[in-house]
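Geometric and topological summary
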Amino acid sequence: MSKNTVLALVGSLRADSHNRKLAEAIQLNAPENVEVQIHGSLGNIPFYNEDIDVEGKVPAEAAALRAAAAKADTLLFVTPEHNGTLTASLKNAIDWLSRPYGAGALAGKPTAVVGTAFGQFGGVWAQDEARKAAGIAGAKVLDNVKLAVPGSMVRFAELHPKDDTEVVEQIKAIFEPLTAVQEEEAAA
């Protein structure tokens with residue numbers, strides 16, 4: 001049985017990001033039949049510009065993102081909340097993955113959104129905006145995969161999410177709907 005591949009894109013660029021740590025905890029708690037790969041920093045990808053999105057001019061970082069996303073079975077966006085919405089780096093990644101229009105790496109790709117943020121709702125506004133943008137870009141958004149961990153600055157000040165029992169249980173719960181969609185597609 002081959003493993004289902006989940007590509008995690010972390011919307012935070014900070015070296016000690018709570019969302020990167022959340023992605024690491026997700027990776028560590030993946031079931032045996034799932035491999036979670038955390039993509040490198042989205043900060044090295046230039047802002048989407050149609051002038052450079054042509055044969056021979058696509059920046060290497062954007063091409064690598066597209067290739068990784070196309071190869072993955074599912075995408076998982078892990079995002080903080082910046083001023084009530086998703087981060088510019090994650091939105092930029094969505095823009096690159098949405099092109100070429102109708103045939104980008106996001107087209108029909110099962111995509112889920114989770115994250116942690118300082119506020120009391122754990123970044124749900126950012127997650128909702130990321131789902132909206134991904135859906136408009138052509139992704140098959142998995143609305144039933146939800147994980148919003150509030151109070152990240154305090155909660156994870158001295159504790160990695162992988163060591164937070166409550167968070168680990170919530171992480172384990174996201175894999176059932178993630179793997180269900182992959183199994184449905186494999187059977188089709």
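Structure report, in brief. What you see is a predicted model; the values in this text were computed from it and never measured. What you see as residue numbers is a count from 1 along each chain, following the sequence as written. Restriction of local features to residues with pLDDT of at least 70 applies here, the model being predicted, together with a cutoff of 80 or more for giving and counting side-chain atom pairs; totals for whole chains, interfaces and linings are based on all residues. As a rule here, side-chain values cover all heavy atoms of the structure and leave hydrogens and water aside.

So, on to the pattern of salt bridges. In the sections that follow, a salt bridge refers to a side-chain nitrogen of Lys or Arg positioned within 4 Å of a carboxyl oxygen of Asp or Glu. What the rule picks out here adds up to 7 salt bridges. With its nearest N and O atoms 2.8 Å apart, the salt bridge here joins Arg 66 to Asp 53. Of this pair, Arg 66 sits in helix H2 (residues 60-71) while Asp 53 sits in the loop between strand E2 (34-38) and H2, and the two are 13 residues apart along the sequence. By sharing partners, the salt bridges in this structure join Arg 155, Asp 164 and Glu 166 into a single network. A run of H or I in DSSP becomes a helix once it reaches four residues, and a run of E becomes a strand once it reaches two; helices and strands are each numbered from the N terminus.

Our focus in this paragraph is unusual backbone geometry. A cis amide bond links Arg 99 with the next residue in sequence, Pro 100, at an omega value of -5°. Mapped onto the elements, Pro 100 comes out in the loop between helix H3 (88-97) and strand E4 (110-116). Positive phi values are uncommon outside glycine, yet Asn 83 reaches one of about 50°. Structurally, Asn 83 is set in the loop between strand E3 (74-78) and H3.

Now for the nonpolar core. The definition of a nonpolar core used throughout is a set of buried Ala, Val, Leu, Ile, Met, Phe, Trp, Tyr and Cys residues joined through side-chain atoms within 4.5 Å. Burial classes: relative accessible area under 20% of the type maximum marks a residue as buried, over 50% as exposed, and values in between as partly exposed (1.4 Å probe, protein chains only). Formed by 25 residues in total, the largest nonpolar core has its most connected members in Ile 26, Val 36, Val 78, Val 114, Ile 171, Ile 174 and Phe 175. Mapped onto this core, the elements with two or more residues apiece are strand E1 (4-10), helix H1 (18-28), E2, E3, E4 and helix H6 (165-187). If one sorts the elements of this core by residue count, H6 sits on top with 6 residues. The contact definition used throughout considers only heavy atoms, calling two residues in contact when any of these lie within 4.5 Å. Non-local contacts of Val 36, meaning those with residues more than four positions away in its chain, are made with Val 6, Ala 8, Ile 26, Gln 27, Ala 30 and Phe 175.

To continue, consider the packing of aromatic side chains. Geometry of aromatic contacts follows a simple scheme: Phe, Tyr and Trp rings, the Trp one being its six-membered ring, pair when their centres are within 6.5 Å, and the pair is stacked under 30 degrees between planes, edge-to-face over 60, tilted otherwise. Applying the stated criterion across every chain, the model contains 1 aromatic pair. Look at Tyr 48 and Trp 96: their rings are 4.8 Å apart centre to centre, the planes differ by 75°, and that puts the pair in the edge-to-face class. Here the residue Tyr 48 occupies a position in the loop between E2 and H2, and Trp 96 occupies one in helix H3, the gap between them amounting to 48 residues. The burial state of Tyr 48 is the same as that of Trp 96; both residues are buried.

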